[in-house]
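Listed below, chain by chain, are the residues.
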Amino acid sequence: MTVSHNELANAIRALSMDAVEAANSGHPGMPMGMADVATVLFTEYLKFDATVPDWPDRDRFMLSAGHGSMLLYSLLYLTGYARPTIEDIRGFRQLGSPCAGHPENFLLEGVECTTGPLGQGLAMAVGMAISERHLNAVFGDDLVDHRTWVVAGDGCLMEGISHEAIGLAGHLGLGRLIVLWDDNRITIDGSTGLSTSEDIPARFAAAQWHTASCDGHDPVDIRRALSEALADPRPSLVACRTTIGYGAPNKMGTAATHGSPLGPDEVAAARKTLGWEAEPFVVPEAILGAWREAGASGASHRAEWEKRLAGHAERAEFTRRMAGDLPEGGGAMRDYLASLAADPPKVATRKASEMALTAINAALPDTIGGSADLTGSNNTRTPATKPLTRDDYSGRYIYYGIREFGMAAAMNGMALHGGVIPYGGTFLVFSDYARPAIRLSALQQARVIYVMTHDSIGLGEDGPTHQPIEHLMALRMIPNLHVYRPADAIETAECWALALKRKEGPSLLALTRQNLPPVRDDVDANRCARGAYRLRAAQNDRRAILLASGSEVHVALRVADELEIEGIGADIVSMVCWERFEAQPEGYRADILPDADPSEILRVSIEAGTTLGWERYTGREGLRFGIDRFGASAPGEDLFEHFGLTAEAIAPRVMKALQCEQEEALAHG
């Protein structure tokens, strides 16, 4: 029995209607409207093998319009991925089902990235395309020769990140990237005419993209447009003119199909309009068989690729990199740390980061660095990283321009593609621009390393617009993000080593502009791996524990010196990474921060940022020194004195607090 294109596409429409209706929640319109385009793509163009979803040379398919998740879940089920099963689809948007409201890369194979925040899928696809071209330049066509396909909606292209992403892709000439725009002209509020008058193809053309258009419900016209895109060396936009909710006779073409179930009457009417007679969640055997045949069609390509890999001179290196494993040995970092211990330098931690990267990049070909137009300030480029350009994709440094959000999202795509470890820099205060992508780094468990410099009022004269206050604490609140604030060159190198080893999520290094004196000369073990550690133990009987990070660690050391002169013993704890400290065994944490009455041991935090959050470690009765207002424009040293973040200002207040606590304890004794 010959199965028609319409029957194949209607299977997507039926499953999408049924799942959204059963959940009484979701977005049926987009999957129904893009079903024809998706059918042509998956049955005729996309290179994949459903039985081996992680085949490294598969095409990447990104559903940037993640609200239309049932389009992707339907395709994965129909083409024969192990999951979702039909029972998973029945449980759409329910607890325990891998078919979440928006696609999650950690729940289902075949979901290349987590999407839903509009525009980020498109930007991550740019990163995927960068990784593909870079690895192709390194390993050749035999091992790396695939494309990146994106389905993006009107909302994706309204979001500002789309401007950043398409500009970067056009500049780099990423011709293996093809965006399929679901041009249905509907948003939740109604017609796109309510909010925009842009000429979208003209915008892409201005960014050096090829553009084409097609009737998104005519398979012949869809094939023509996709073939045109394949033939053009530039990245391509294909405007697919569709009708949202196609097949629902009373609601299609309206916002009523966008974000709500169709309702039982409209579902029944749509079934009649589409000629779909099967029961809910049932795909007729012939139609399912045709889809499964399409899902297996890439097996021969995959088998041929595996033969090429088996005989390739770079097989071991390619396999290592795609697995995300670091090379064995690590001698370069050991040698570098030994040199620091022999002669600890007084440098800014941004410079210390550059020094560490010089050793790392020379020994680790996986890294691809970059900066959002602050290379000289972030210190992110080293001699081993020549620029990655449209003329030389083998380069390992990307000039992202003033595109913090686009950079962060592209790095997510690069990391999720595999084979590379991306890092990128900007000022810590501009993490606000990148925060939505940083959050997705953490959610997607992507190994991305953020190099955030100018981390406090210590940056000086640029003033409060550039001086982070709340940023460290706000970033620490993101689950699965490791925020490191090292105090000197040795801690910075240790933090880099930890970030590189961490496969299961992102890391962020908050680094100073100003020079810092060394606080360590020991490198026998990576002490930062504990997250927090006792840098120096009390010399007199311990009465205080001083907790500090980054540039304030040397302030804490000076405070402790003042206290020790007065016979007050003080531990100094370097709180380099809260997240790692919280993961330590209870016994270790209790040793660093023993339970004690404040009259016996007073806990004191010192950090040039908001004090909010430090109560976790100081307790309500402890002292917290920081800045709970915006900064000011002045030299950094003057600002530390102005805001009371000096030993001269802090030590007397600690002594007074200890005296008060002791007097109160005696009064109640």
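Each remark here, short or long, concerns the structure printed above.
Everything numeric here is computed off the predicted structure, so don't read it as measured data.

Structural notes on helix 12 (residues 299-310)
Then, number 1: Here helix 12 contains twelve residues, and its C-alpha end-to-end distance of 16 Å stays within 8% of the 16 Å for a straight helix at 1.5 Å per residue.
Then, number 2: Taken together, the buried positions of helix 12 are Arg302, Trp305 and Leu309. For helix 12, the arc enclosing every buried residue in end-on projection is 60°, short of the 170-degree limit, so these residues lie on one face. Exposed residues on helix 12 whose side chains face more than 90 degrees from its buried face are Lys307 and Ala310.
Then, number 3: Its buried side turned inward, helix 12 meets helix 13 (315-323).

Some remarks on the packing of aromatic side chains
Then, number 1: Under the defined criterion, the tally for this structure stands at 17 aromatic pairs.
Then, number 2: Ring centres 5.2 Å apart and planes at 80° place the aromatic pair Phe139 and Phe318 in the edge-to-face group. Of this pair, Phe139 sits in helix 5 (residues 120-139) while Phe318 sits in helix 13; the two residues are 179 residues apart in sequence, bridging distant segments of the chain. The residues Phe139 and Phe318 share a single accessibility class, namely buried.
Then, number 3: Between Arg530 and the ring centre of Tyr588, over which it is positioned, the NZ or CZ distance is 4.1 Å.

A closer look at the layout of surface pockets
Any empty space left between atoms is shown by rolling a water-sized probe over those atoms.
Then, number 1: The calculated volume of the largest pocket comes to roughly 870 Å³.
Then, number 2: For the largest pocket, the lining is made up of 35 residues, of which Met322, Ala415, Leu416, His417 and Gly418 are closest to its centre.
Then, number 3: When residues of the lining of the largest pocket are traced back to their parent elements, those giving at least two are helix 12, helix 13 and helix 17 (404-417).

Considering the nonpolar core
Then, number 1: Membership of the largest hydrophobic core comes to 130 residues, with the highest contact counts inside it found for Leu180 and Leu508.
Then, number 2: Among the elements that make up this core, the one with the highest residue count is helix 5 (ten residues).
Then, number 3: Among residues more than four places away in sequence, those in contact with Leu508 are Leu428, Ile438, Tyr450, Met452, Leu475, Leu481, His482, Val483 and Tyr484.
Then, number 4: Listed in part, the 80 residues of the second largest apolar core include Leu364, Ile457, Ala560 and Leu658.

Some points on the sheet that holds strand 17 (residues 542-548)
Then, number 1: Strand order in this open sheet of five strands is 16-18-17-19-20, and the pairing throughout is mixed. Two strands close off the open sheet at either side, each with one partner strand: strand 16 (532-536) and strand 20 (623-625). Averaged over neighbouring strand pairs, the angle between their axes works out to 25° when direction is ignored.
Then, number 2: Contacting strand 16, strand 17, strand 18 (569-575) and strand 19 (602-606), helix 21 (residues 553-565) crosses the sheet at an angle of about 175° to strand 18.

As for empty space enclosed by the protein
Then, number 1: In total, this model carries two cavities of 30 Å³ or more according to the counting rule given.
Then, number 2: Here the largest cavity defines a volume of roughly 90 Å³.
Then, number 3: Every residue along the wall of the largest cavity is listed here: Phe42, Leu46, Phe48, Pro53, Arg58, Asp59, Phe61, Leu72, Leu76, Tyr81, Gly110 and Glu112.
Then, number 4: In terms of residue class, the lining of the largest cavity is made up of eight nonpolar, one polar and three charged.
Then, number 5: Estimated volume of the second largest cavity: approximately 40 Å³.
Then, number 6: Looking at side-chain class alone, the lining of the second largest cavity contains seven nonpolar, one polar and one charged residues.

Description of the state of the cysteines
When the sulfur atoms of two cysteines share a covalent bond, that bond is a disulfide.
Then, number 1: Summed over the entire model, instances satisfying the criterion amount to zero disulfides.
Then, number 2: Free cysteine: Cys495, not disulfide-bonded; nearest cysteine sulfur from Cys528 at 4.2 Å.

A look at the pairing of strand 14 (residues 507-510)
Then, number 1: Neither face of strand 14 is left uncovered, since the one carrying Ser507 and Leu509 and the one carrying Leu508 and Ala510 both have all their residues buried.
Then, number 2: In terms of strand pairing, strand 12 (residues 449-453) meets strand 14 through four bridges, oriented parallel. The residue bridging Val451 from the neighbouring strand is Leu509, located in strand 14.
Then, number 3: When strand 13 (residues 482-484) meets strand 14, the two strands line up parallel, connected through three bridges. From the neighbouring strand, His482 faces strand 14, where its bridge partner is Ser507.

Considerations on the side chain of His258
Then, number 1: With respect to the helices and strands, His258 occurs in the loop between strand 7 (236-241) and helix 10 (264-274).
Then, number 2: If we ignore the near neighbours within four places in the chain, the residues touching His258 are Gly26, His27, Pro28, Gly29, His67, Ile186, Thr187, Ile188 and Ile244.

The rules we used
- Residues numbered from 1 in each chain as written.
- Predicted model: local features only at pLDDT ≥ 70, side-chain atom pairs only at ≥ 80, totals over all residues.
- Heavy atoms only, no water.
- Helix = DSSP H or I, 4+ residues; strand = E, 2+ residues; numbered from the N terminus.
- Expected span 1.5 Å × (residues − 1).
- Buried < 20%, exposed > 50% of the residue type's maximum accessible area, 1.4 Å probe, protein only.
- Arc of directions from axis to C-beta.
- Contact = heavy atoms within 4.5 Å.
- Phe/Tyr/Trp six-rings, centres within 6.5 Å; stacked < 30°, edge-to-face > 60°.
- Lys NZ or Arg CZ within 6 Å of the ring centre and 35° of its normal.
- 1 Å grid on protein atoms, 1.4 Å probe; cavity = no way out; pocket = protein on both sides within 12 Å on 5 of 7 lines; lining within 4 Å.
- Points joined across faces, edges and corners; volume = space filled by probe spheres on them.
- Core = buried A, V, L, I, M, F, W, Y, C linked by side-chain atoms within 4.5 Å.
- Pairing = 2+ DSSP bridges.
- Axes fitted to C-alpha atoms, helices over the stretch in contact; angles between N-to-C directions.
- Nonpolar A, V, L, I, M, F, W, Y, C, P; charged D, E, K, R; others polar.
- Disulfide = S-S within 2.5 Å.

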